[in-house]
Amino acid sequence: MNTLVGWHVEMEFKEEGDRTRAAAMVRLSDGTEMRGHGNANRHPSDPEQLRVGEEIAGARALMDIASQMLQKAHLEIDEVSGRTSHPISR
């Protein structure tokens, strides 16, 4: 299988007490850069598990980017087709 295109993804995390913040960036093959953010908060009764906070905050940042990518794709569909497309809701 040949790879036709690739995307570059960067993810950074910041831990502050019980809060984890994630910032994600994806660079698409057309040069477009999209950025997303996500947060996670540890409940005071939960044990400290930094990895879990990173996974939750990171997933939320990627979901932010996924939403932006769907909007971009549907705008491109609309431009070519001349009609309004509708993303599938979850």
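Residues numbered from 1 in each chain as written. Predicted model: local features only at pLDDT ≥ 70, side-chain atom pairs only at ≥ 80, totals over all residues. Heavy atoms only, no water.

Caption draft 1: Molecular detail of the pattern of salt bridges. The final tally for this structure, using the stated rule, is seven salt bridges. Of the charged contacts, one joins glutamate 16 and lysine 14 as a salt bridge, the two residues approaching to 3.3 Å between their closest N and O atoms. Using a relative accessible area of 47% as the deciding quantity, one classes lysine 14 as partly exposed. Between lysine 72 and glutamate 76 there is a salt bridge, with its nearest N and O atoms 2.4 Å apart. A residue pair is termed a helical-turn pair when its members lie 3 or 4 positions apart in one helix, as lysine 72 and glutamate 76 do in helix α1 (residues 50-81) at four residues. Under the relative-accessibility criterion, lysine 72 is labelled buried at 18%. Via salt bridges that share partners, Arg27, Glu33 and Arg35 belong to a single interconnected network. (Salt bridge = Lys/Arg side-chain N within 4 Å of Asp/Glu carboxyl O. Buried < 20%, exposed > 50% of the residue type's maximum accessible area, 1.4 Å probe, protein only. Helix = DSSP H or I, 4+ residues; strand = E, 2+ residues; numbered from the N terminus.)

Caption draft 2: Structural view of the environment of valine 26. Note on placement: valine 26 falls in strand β2 (residues 19-27). Overall, valine 26 belongs to the buried group, its relative accessible area being 4%. Beyond its immediate sequence surroundings of up to four residues, valine 26 is in contact with Trp7, His8, Val9, Thr32, Glu33, Met34 and Ile65. (Contact = heavy atoms within 4.5 Å.)

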